[in-house]
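# Secondary and tertiary structure notes
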Amino acid sequence: MSGKFSATVIPLVDIKSEPRQPPVAAGGKWETPVRKPHVEHKQLSFASEHWGDLLKLNNRASVVPACALPVLVSTVWATAVCIFTLVPEVGFLGSTTLRMPNSMTLVSLLGTYISLLVAFRLNTAYDRFWEGRKTWSNMQTQIRQLARLIWVYVPVHTDGDLERKRAAMHLLTAFATATKHELRGETHYARYVDLGPHFANMPLVAGDISQHEQPTDAKPTMRIAAALQAFVFDTPSIVPPCTAAVNSLVEQLCVLERIRNTPIPAAYSSMLDQSLVLYLASLPFQLVLSPLKWFTIPVTLIVTFVVVGIVLIADNIENPFGLDPNDLPQDEYCDAIAAEIDQIMYWH
């Protein structure tokens, strides 16, 4: 969609009677962004009504479907090894010349090595996920601080002052929403219905800062921070706390960008995948000569499912800012911020 958007200020409405309706963009409607699917997180318990969740293989948040192909390949490989070792007619692997030593040394050594790599991989991925959640929580805290300080302490003498104050409050919502879209790598997100109407209040708040024409795909987060900083300077009594809150918002944004832009080194991921393939390929040769024999097949299946599942979970949560079911519910965070700011403006 092309064309410029109007700078219409969102009017204050009774949030109990009707939802906020954003103004229509000049030249057409605002675009609706893709939202992450909602996933209900249940606390694990032994109550009978929760046991059925273990059997829901089509759960969107489950990695079981992604494990199917590796588990199938590994099971077929283990079956072939068992057949060519234990069946006398075709058991050339069980011959004296080709038989591997009946020792679990290789499995033990590779198993220890793989367990360390997998544990480190999962812990690193979850640290990134949890740091992203903590950073979003800190950002919500600072936005609440700014909303309270601006709405309570900024004086209103004219209708224009009230409109500027409302516009500044909407920019707080715009900062959180712009951060969400930026972390998802979405372009032209100033056109989205959850950001554009709020960001359209920039001219009222920023004044001279927003006079220069900006490209439609420019990142608005820093422009919003600068506008909020300029706005609070008109009220000297709240400049120190508001400056600290704006600085904290920028700091949280930098932390989120660091998490997104610093993936696990490719060399480490490649080494883990190669070692995992080597381990799973050699496992049946060691187990088939043990007392397990034909039970090598189900044991290999279980080991493959567990190890590959853990690696897939780590890959899934490494970047928690996307649209996958296991990613952070950033849409819900932004909705909560917008609702709280509406409540502050309504009840006061």
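Right, let's walk through the structure included here. (Residues numbered from 1 in each chain as written. Predicted model: local features only at pLDDT ≥ 70, side-chain atom pairs only at ≥ 80, totals over all residues. Heavy atoms only, no water.)

## Some points on helix α8 (residues 266–287)
In this model α8 runs 32 Å from its N-terminal to its C-terminal C-alpha over 22 residues, within 8% of the 32 Å that 1.5 Å per residue would give. Looking only at α8, the buried set comprises Y268, S269, L272, S275, L276, Y279, L280, S282, L283, P284, Q286 and L287. (Helix = DSSP H or I, 4+ residues; strand = E, 2+ residues; numbered from the N terminus. Expected span 1.5 Å × (residues − 1). Buried < 20%, exposed > 50% of the residue type's maximum accessible area, 1.4 Å probe, protein only.)

## A closer look at the pattern of salt bridges
This structure, assessed with the given rule, holds 9 salt bridges. Measuring nitrogen to oxygen at the nearest pair gives 2.6 Å for the salt bridge that ties E131 to R258. Taken together, the residues span a long stretch of sequence, with E131 in helix α2 (residues 105–153) and R258 in helix α7 (residues 239–261) at a distance of 127 residues. The salt bridge partner of D331 is R184, with a shortest N-O separation of 3.0 Å. Taken together, the residues D331 in helix α10 (residues 330–347) and R184 in the loop between α3 (159–183) and α4 (196–199) connect sequence positions 147 residues apart. There is no split in this pair, since D331 and R184 are both buried. Through salt bridges with shared partners, one network takes in K180, R184, D194 and D331. (Salt bridge = Lys/Arg side-chain N within 4 Å of Asp/Glu carboxyl O.)

## Thoughts on the environment of I224
Residue position: I224 is located in helix α6 (residues 221–232). Separated by 53 residues in sequence, I224 and L171 place their C-alpha atoms 6.5 Å apart. Contact partners of I224, with chain neighbours within four places excluded, come to L171, A174, F175, F199 and M202. (Contact = heavy atoms within 4.5 Å.)

## Here's the deal with a nonpolar patch on the surface
A cluster of nonpolar side chains, namely L69, L72, V73 and V76, defines an oily patch on the protein surface of about 400 Å² accessible area. Tracing the backbone through its elements, the reader meets V76 in helix α1 (residues 64–86). On the basis of relative accessibility, which here comes to 51%, the residue V76 falls in the exposed class. (Patch = residues over 30% accessible without salt bridge, like charges linked within 9 Å, V, L, I, M, F, W, Y side chains within 5 Å. Areas by Shrake-Rupley, 256 points an atom, 1.4 Å probe, with all protein chains shown as cover.)

## Concerning the packing of aromatic side chains
This structure, assessed with the given rule, holds 4 aromatic pairs. An angle of 65 degrees between the planes, with centres 5.8 Å apart, marks the rings of W77 and F285 as edge-to-face. Of this pair, W77 sits in helix α1 while F285 sits in helix α8; the two residues are 208 residues apart in sequence, bridging distant segments of the chain. Owing to a relative accessible area of 21%, F285 belongs among the partly exposed residues under this scheme. On the numbers, 6.0 Å between centres and 25 degrees between planes, the contact of Y126 with F129 is stacked. Taken together, the residues Y126 and F129, both in helix α2 and 3 residues apart, mark about one turn of the helix. When its relative accessible area of 43% is taken as the criterion, Y126 is described as partly exposed. Judged by relative accessible area, F129 falls into the buried class, the value being 17%. Above the ring of W151, the side-chain terminus of K165 is found at 5.1 Å from the ring centroid. (Phe/Tyr/Trp six-rings, centres within 6.5 Å; stacked < 30°, edge-to-face > 60°. Lys NZ or Arg CZ within 6 Å of the ring centre and 35° of its normal.)

## Thoughts on the side chain of D327
Assignment of secondary structure puts D327 in the loop between α9 (296–317) and α10. For D327, a relative accessible area of 3% gives the class buried. Here the side chain of D327 touches L323 through a polar contact of 3.3 Å, landing on its backbone nitrogen. In terms of polar contacts, D327 uses its side chain to reach the backbone amide nitrogen of D324, at 2.9 Å. Each residue touching D327, except ones within four places of it in the same chain, is listed here: K36, F129, N316, N319, P320, F321 and G322. (Polar contact = N/O pair within 3.5 Å; in protein donor to acceptor, adjacent residues only side chain to side chain.)

## With respect to the environment of T135
Tracing the backbone shows T135 in helix α2. Among the residues examined, T135 registers a relative accessible area of 4% and is labelled buried. In this structure the C-alpha to C-alpha distance between T135 and E251, which are 116 residues apart in sequence, comes to 9.4 Å. The residues touching T135, leaving out its near neighbours within four places in the chain, are Q252, V255 and L256.

## Focus on the environment of K36
Inspection of the secondary structure assignment puts K36 in the segment before α1. On the basis of relative accessible area, K36 is assigned to the buried category, the value being 11%. Here the alpha-carbon distance between K36 and D324, two residues 288 residues apart in the chain, equals 6.7 Å. Setting aside residues up to four positions removed in sequence, K36 forms contacts with R184, G322, L323, D324, P325, D327, L328, P329 and D331.

## Observations concerning the side chain of D194
Along the chain, the position of D194 falls in the loop between α3 and α4. Among the polar contacts made by the side chain of D194, one reaches the side chain of H181 at a distance of 3.1 Å. Apart from residues lying up to four places away in sequence, D194 is in contact with P33, T177, K180 and H181.

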